[in-house]
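Residue strings, one per chain:
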Amino acid sequence: MPLLTVDELTVTFAGRGGPDTTAVSGVSFTVDQGEVVGLVGESGCGKSVTSLALMGLLPAKGVTVGGTARYTGTGTDVDLLTLRRSALRDLRGTQLSMIFQDPLSSLNPVVPIGVQVTEILSRHRGLRGAAARKEAAALLDRVGIPDPTRRLKEYPHQLSGGMRQRALIAMAVACAPRLLIADEPTTALDVTIQAQILELLRELVDDQGTALLMITHDLGVVAGLCDRVNVLYAGKAVEAADRHRLFADPAHPYTHGLLGSIPRLDAPRGERLNPIRGSINDRIAWEDGCAFAPRCDFYTPQCLGGAPPLADRPADGAAAPPEGHLVRCVHPVHTTAEATEVSR
Amino acid sequence: MSKTTEKIDRLAELTTRTTTASGGSLWTEALRRLRSSKMALVGGTVMALFIVIAIVGPWVAPYDPTAQTWRDEVFTNRGVFIGPRGDNWLGLDHLGRDMFSRMLVGARQTLLVGVVSTVLGFVVGALVGGLSGAALAFGGKAGQRLDTVLMRFIDMMLALPSLLLAVSVAAILGQSLTTVMIAVGVIQIPVFARLLRGSMLAQAGSDYVLAARALGVRRRRIVLAHVLPNSLGPVIVQTTLALATAIIEAAALSYLGLGNPDASQPEWGVMLSQAQRFFDAEPMMAVYPALGIIITALGFTLLGEAMREALDPKLRS
Amino acid sequence: MLRLIVRRLLQLIPTLLGLSVLLFAWLHQLPGGPASALLGERATEEDRRAIEEALGLDDPVWVQYARWMERLVRFDFGESVRTGRPVWEEFLQRFPATVELAFAAMLIAVVVGIPLGYFAARRRGTWLDLTAVSGSLIGICIPVFFLGFILRAVFAVNLGWLPSFGRQSTGIDATEITGFYVLDGLLTGEWDASWDALQHLVLPGLALASIPLAVIVRITRASVLDVLGEDYVRTAESKGLRRRVVRGRHVLRNALLPVVTTVGLLTGSLLSGAVLTESVFAFGGIGSFIRDAIDTRDYPVLMGFILFIALLYVAINLLVDIAYSIIDPRVRVN
């Protein structure tokens, strides 16, 4: 039994005076113990909403959440989406915790870092006073913040961006959660800091055996960190595969396009990047067909026959169908042998 | 029709169905939101009604508002005021004048005080604030100094309590409607000045201004064509709110005996302060003008708040 | 901290100097000039000439200004035309009454306004929110003195629950120590006097509280709504903290920052309101005194009051800045 099984997660926001918006429409994936799973997609694809829904952090009013998210980390099998608010409150911080995108705005500006770390220790581990402060300093030290006892007294604005993100990570791992959700944790940081933060996450995950759900738009992050990857488009998963398969043999034209739009140092001189045309606003409703159709190079009228199912990737000629490689496409792309060679 | 165009048309049709209506410019978007706001509807209706009464009031008033037609009746009744009746819909005041006519005519004076003083506050305040903001943002060292001087002056005006400012003006100019208008207008100056300055500074720090400067657009053009128009939103909202404040402040001045001494031109604030002496015997005499002031001020405030919400970028979807 | 205070005090000097020049010019602009300002409009011609000589009105303007400034620095605002006593003494004597009233009003506004604004924001769109928002709009739009009439007519005249005027019932034998009657009663153990003074504070306090209350409700509500949408509140929720901690430490602490500034600025404007309220309730403080001074064109008193208010405003601003730098660490460093 996986640690987390998300099944047909649907999130709909009530439109204020307009039509409702479905941000996530039937997303399913699993996360195993100690596994790093990526949710990849461009802004507006529903990946952040998915993470907030799992944490129960969506506003109570005007949002409808459907589907199930079964979590087994406590030994029993609970559905995170229907759990009572108070029960969820007990899980957050201890079983599930989260790291956010913008470390400055995610830290309370008028409360010292120390209090923001110790409050989670006193809530879930019953530590108070000096003991809590000592543990907080140890945590900061562990996430690589130098001079932790001094930093505890400082306020978020006195820390650098990387330090702030480290402090947030320290809070997230303070009670050794079973599942850590990281929502674009490196987007707001400098490139060099990004690498350090990813390294830190990797270490923590390996040390504690924590599972990590990594939400990102950055395929580089995915390549360096994730065991398995789910690609989201317009609120649905369009492809799911393990990391190596996804990079070697992307089956969905969207994934294909994402990989094609990354600049490469080893590309022949003068070769142009291949961006995906249009934006995520150029889409059709899934009921009408594949939402990606308007931007797709391989579009045919068959694409308009309702949402294609997320099915096993069909076998490629003589080879056996690959295991655990799912794709939602009427005519998935087959990367030719040469092309695979180039992309390695 | 070829197969390809058919394909594209079908796609386009499906695409437009899901694409959310893309927002127009700031102002069209704000206007759209304003139209759907209940607050704006109520406020706008009250304001329109008030303006119509202020314009046509003196012509439709059934009696001369200053004629003490029923004077004898009031005086023989001594202490028992005449309330609403067939001839006088709102009853009579303490001198036997028709309250309804006085209310209708008073609307015009009240609006006049509100509009003139707000315009005064707006013009002077916007000049000072605009100059100050532009000087600080684009005027270099000298501009900075100019801004400091102007803002010290504005600080000084803020430090003066509004009522005393009015007393001071009245002391020099004597007691008249003009005094009330000037006094109330002067109170508004620092508010407008600070608002426009702050708004301009925020705009001046934005990326598009930086881009324009980098492209070598002349400073005067940046200020007049970009910064100023984009800074006006909050100032326009304030104008609506200031109209409400002006009407209330004018009433307070009248209460302190600084209002328009010319009894032939009834004004709600003056009527209210005259009625206070008889409040315990005949509260309605005060309630009518008070309600007039409260409802009008409420109308302007509601409209202003609705405009503020409509223009707030944080609330834009 | 000390440097902040000193710097702010230094910044005040030009403002106050400018104000004094303005006031001096105003005095000279008055019909009849500064002589009538000192004597009132009904002075005889001889009086006028005598005072003009005494003031040295033949001297150059800057000498007159210097002489005038020198008196101001000594808090010598001259004598009230109406009572013939020094303006400063009159103020000091009436000051406790007004402070007591203003404090009562601010207490009502803060104690009622902050919770109301907070819960209105938390329960956005409910009847509570609607009542709070419309109530605060009406509160801003009712002329203070009219609200005073209504309160007095209903609760004092008709229902007879509370006294309708003054600070103290006749026949109460109270010892005066500080001039704050409620406090005096507590200090001397004269509970009845204290209770009586408190009753006298209720109606004028409510009338005077109307505008600050309305403003505080609105500011608190808007501020809480802003903060509720902040990322750090989401972070706090994601840590599974108890609701009490999330709301107290993370929501309220941040939401109250703009409220503190507002409370400070409102305190200054309370004195203007006190002029209106005190005269409705014949409450013997500075407000009533100023009202009478306006009626009699008692210019020394008015001038003294303007300077007094300006100083107060400046002092309150300074206090607000200091308070702000204590509660907001981002300001502290800069």
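Throughout this description, residue numbers start from 1 for each chain and increase along the sequence as written. Key to labels: chains lettered from A, ligands numbered from 1, both in the order written. Owing to the predicted nature of the model, reporting of local features is limited to residues with pLDDT of at least 70; listing and counting of side-chain atom pairs is limited to 80 or more, with chain, interface and lining totals taken over all residues.

Chemist: Explain the overall build of chain A residue by residue, including any values.
Modeler: Numbering of helices and strands starts at the N terminus; helices are DSSP runs of H or I of at least 4 residues and strands are runs of E of at least 2. Assigned secondary structure in chain A consists of 11 helices and 12 strands. Within these notes, the globule rule equals 2.2 Å times the number of residues to the 0.38 power, and the radius of gyration is based on C-alpha atoms. In terms of C-alpha radius of gyration, chain A reaches 21 Å, essentially the compact-globule figure of 20 Å for 344 residues. Principal-axis analysis of the C-alpha atoms places the extent of chain A at approximately 65 × 50 × 40 Å. Exposure criterion: with C-beta atoms placed from backbone coordinates, a residue whose C-beta has 20 or more other C-beta atoms within 10 Å is buried, one with 12 or fewer is exposed, and one in between is partly exposed. A buried classification covers 46% of the 344 residues belonging to chain A. Residues are scored as being in contact if the C-beta atoms we place from backbone atoms lie within 7 Å. Sequence separation of at least 24 residues holds for 62% of the intrachain contacts in chain A that already meet a minimum separation of 6.

Chemist: How would you summarise the environment of Arg291(C) if you had to cite specific residues and measurements?
Modeler: Within the element layout of this structure, Arg291(C) appears in helix H12 (residues 286-296). Remark: the alpha-carbon pair of Arg291(C) and Ser279(C), spanning 12 residues in sequence, is separated by 6.7 Å. Look past the residues within four positions of Arg291(C) in its chain and what remains in contact with it is Leu256(B), Val275(C) and Ser279(C).

Chemist: Can you break down the interface of chain C and chain A residue by residue, with the values?
Modeler: Contacts between chain C and chain A engage 20 residues on the former and 26 residues on the latter. Secondary structure elements with two or more residues in the side of chain C that touches chain A: helix H10 (231-238), helix H11 (243-280) and helix H14 (329-333) of chain C. At six residues, H10(C) tops the list of elements feeding residues into the side of chain C that touches chain A.

Chemist: Let's hear about the packing of helix H5 (residues 99-138) of chain B against helix H10 (residues 219-255) of chain B: which residues, and what values?
Modeler: All names here are of chain B. Lines fitted to C-alpha atoms define the axes here, with helix axes fitted over just the stretch in contact, and angles between the N-to-C directions of these axes take values from 0 to 180 degrees. In contact at an axis separation of 8 Å, H5 and H10 are set at 150° when each is read in the N-to-C sense. Between H5 and H10 lies a crossing of right-handed hand. The residues of H10 that touch H5, namely those facing Thr-110, Val-113, Gly-114, Ser-117, Thr-118, Gly-121, Phe-122, Ala-126, Gly-130, Ala-134 and Phe-138, are Arg-219, Val-223, Leu-228, Val-235, Thr-239, Ala-242, Leu-243, Ala-246, Ile-247 and Ala-250. Three classes are used, and their members are as follows: Ala, Val, Leu, Ile, Met, Phe, Trp, Tyr, Cys and Pro are nonpolar, Asp, Glu, Lys and Arg are charged, and the others, Gly among them, are polar. Residue composition of the contact of H5 with H10, by class: 13 nonpolar, seven polar and one charged. When the near helix sits turned anticlockwise from the far one by under a right angle, the crossing is termed left-handed; a clockwise turn instead gives a right-handed crossing.

Chemist: Give me unusual backbone geometry: which residues, what numbers.
Modeler: Residue and element names in this part refer to chain A. In this structure, Asp-147 is a non-glycine residue whose phi angle is positive, near 55°. Its identity is not glycine, yet Ala-234 carries a phi of approximately 50°, on the positive side. Mapping Ala-234 onto the fold places it in the loop between strand S9 (228-233) and strand S10 (236-242). With 26 C-beta atoms counted inside 10 Å, the residue Ala-234 sits in the buried group.

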